[in-house]
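Here's the letter readout for the chains.
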Amino acid sequence: MNYRILVLMIFVLSFLIGCGEDNPANSSKSPQITSISPNQGKAGDAITIRGKNFDSIQGLNFILFNHIQYFAITSWSNTEINFRNPGSKNSGKIKVSVSVNSLKSNEVDFTVTEPLLYESVSIGSQIWRIRNLDVSTYRNGETIRHAESNEDWIDAGNKKEGAWCYYNNDPAMGAVYGKLYNWFAVNDPRNLAPKGWHIPSNTEWTILTDYLGGAHIAGGKMKEANLSHWKSPNTGATNSSGFTALSSAYRYYDGYFLSLSYCCYWWSASEYKAATAWYRGLSFDSAYMDIYNISKVQGFSVRCIKD
């Protein structure tokens, strides 16, 4: 009897110890932050986190700002993570931690010195939003047409009426990729962009591309540097600019959705001909920043630049 009790006690003790090892707070495999440098700054500033157990690649790992996931990373290694400060709507201290394979690290303090209404990044002489536009009204509050069905999308194009949609008509896509718009919404005099921002002209896109070293390498410096939202191999992706391009795909003129994880396209505010306008695009298999003109009835993403 005593022998059986002893065996049972050993089994229970082993089970409890095992549970303790699986607990993120106790596990030796948990990520640990030893420093964050600098420990304060404004949106767009380069920040470095040092520590251990961060994993060799980012994968689906991420940083947490006050428990909110943030993926705009410029480089990731087992002992060091580099990223650009996404900013905050409020100044003051925020808690920063790292999540690796569902294990959460300790928290460190970071102070936002210059709050911004929108997450943005400075690239050369320009300030860009780091998320695609996700509005359903013009600046004056009037509603933009929501074209869900293929017939609605075609009808809006035929009438040269501004329209938007979610990719695959799935609202969950909007939280990640923003909305897709035809060019008539981009060019509407009621203004698609929020106050203080505008849709970049073709010339402003060229300024960005030139600053990042030219069309052949600029795309890599703009793409999110992992496979969370891009198909492999995501060629050349470093996100060293902090632009954080995700593969938001597009909607074809006939209403069909195409190429999620393969590419992203953004409108410019510049018309090419009566039926076409300039756009810029990136692909999963190239670091090239594409420039061309296309029918205004396509559904592309929109990225804003500060006035």
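Residues numbered from 1 in each chain as written. Predicted model: local features only at pLDDT ≥ 70, side-chain atom pairs only at ≥ 80, totals over all residues. Heavy atoms only, no water.

K.L.:
Sorry if this is basic, but what is going on with the overall build of the protein chain here?
P.N.:
Helices and strands together make up the secondary structure of the protein chain, namely 6 helices and 22 strands. Within the protein chain, buried positions represent 45% of all 307 residues. Of the roughly 14,900 Å² of accessible surface on the protein chain, 53% is carried by carbon and sulfur atoms. (Helix = DSSP H or I, 4+ residues; strand = E, 2+ residues; numbered from the N terminus. Buried < 20%, exposed > 50% of the residue type's maximum accessible area, 1.4 Å probe, protein only. Areas by Shrake-Rupley, 256 points an atom, 1.4 Å probe, with all protein chains shown as cover.)

K.L.:
Where do I start with the sheet that holds strand 21 (residues 290-295) in this structure?
P.N.:
In sheet architecture, strand pairing relies on hydrogen bonds along the backbone and comes in two forms, parallel and antiparallel. Sheet architecture is open: 3 strands sit in the order 19-20-21, paired in antiparallel fashion. Edge strands, defined here as strands with exactly one partner in the open sheet, are strand 19 (263-273) and strand 21. For this sheet, the mean angle separating the axes of adjacent strands, direction not counted, is 35°. Note that strand 19 and strand 20 (residues 276-283) share 7 bridges and pair antiparallel. Bridging from a neighbouring strand, tryptophan 266 pairs with arginine 280 of strand 20. (Pairing = 2+ DSSP bridges. Axes fitted to C-alpha atoms, helices over the stretch in contact; angles between N-to-C directions.)

K.L.:
I keep staring at unusual backbone geometry and nothing clicks. Help me out?
P.N.:
Only a minority of non-glycine residues have a phi that is not negative, and only a minority of peptide bonds are not trans. Going from serine 37 to proline 38, the amide bond is cis rather than trans, its omega being -10°. Counting through the fold element by element, proline 38 comes out in the loop between strand 1 (32-37) and strand 2 (40-42). Serine 232 connects to proline 233 through a cis peptide bond whose omega is 15°. Inspection of the secondary structure puts proline 233 in the loop between helix 6 (215-222) and strand 17 (250-251). You will see that asparagine 53, though not glycine, has its phi angle at about 60°, which is positive. Considering the arrangement of structural elements, one finds asparagine 53 in the loop between strand 3 (46-52) and strand 4 (62-65). Its relative accessible area of 22% is what places asparagine 53 among the partly exposed residues. Positive phi, normally seen in glycine, also occurs at serine 261, with a value near 80°.

K.L.:
Explanation requested: the pairing of strand 6 (residues 73-76) in the structure shown.
P.N.:
A regular strand places its side chains so that they alternate between the two faces of the sheet. Strand direction decides the pairing type here: strand 6 and strand 7 (residues 80-84), joined by 3 bridges, are antiparallel. Across the sheet, tryptophan 76 pairs through a bridge with isoleucine 81, a residue of strand 7. In sequence, strand 6 turns back onto strand 7 through a hairpin of 3 residues.

K.L.:
Would you explain the side chain of serine 99 in this entry?
P.N.:
Along the chain, serine 99 turns up in strand 8 (residues 92-100). By relative accessible area, which is 9% here, serine 99 ends up buried. Every residue in contact with serine 99, bar those within four places of it in the chain, is listed here: Asn61, Phe62, Leu64 and Lys104. (Contact = heavy atoms within 4.5 Å.)

K.L.:
Mind showing me how you'd approach helix 5 (residues 202-211) here?
P.N.:
Owing to its 3.6 residues per turn, the α-helix aligns residues three or four sequence positions apart on the same side. Within the span of helix 5, buried status applies to Asn202, Glu204, Trp205, Leu208 and Thr209. With its buried residues spanning 165° around the axis, helix 5 presents them on a single face. Turned more than 90 degrees off the buried face of helix 5, the exposed positions are Thr203, Asp210 and Tyr211. One or two positions beyond helix 5, positive phi appears at glycine 213, with a value near 105°. (Arc of directions from axis to C-beta.)

K.L.:
Sorry, what's going on with the packing of aromatic side chains here?
P.N.:
Note on aromatic pairs: each is described by the distance of the centres and the angle between the planes. Counted by the stated rule, this structure contains 17 aromatic pairs. Ring geometry for phenylalanine 65 and phenylalanine 83: centres 5.8 Å apart, planes at 75°, overall edge-to-face. Note that phenylalanine 65 is positioned in strand 4 and phenylalanine 83 in strand 7, a separation of 18 residues in sequence. In this structure an aromatic cluster arises from ring pairing among Tyr250, Tyr265, Trp267, Tyr279 and Phe300. Taking NZ or CZ as reference, arginine 303 lies 4.1 Å from the ring centre of phenylalanine 243, over its face. The residue whose ring lies beneath lysine 306 is tryptophan 197, and the NZ or CZ to ring-centre distance is 5.2 Å. (Phe/Tyr/Trp six-rings, centres within 6.5 Å; stacked < 30°, edge-to-face > 60°. Lys NZ or Arg CZ within 6 Å of the ring centre and 35° of its normal.)

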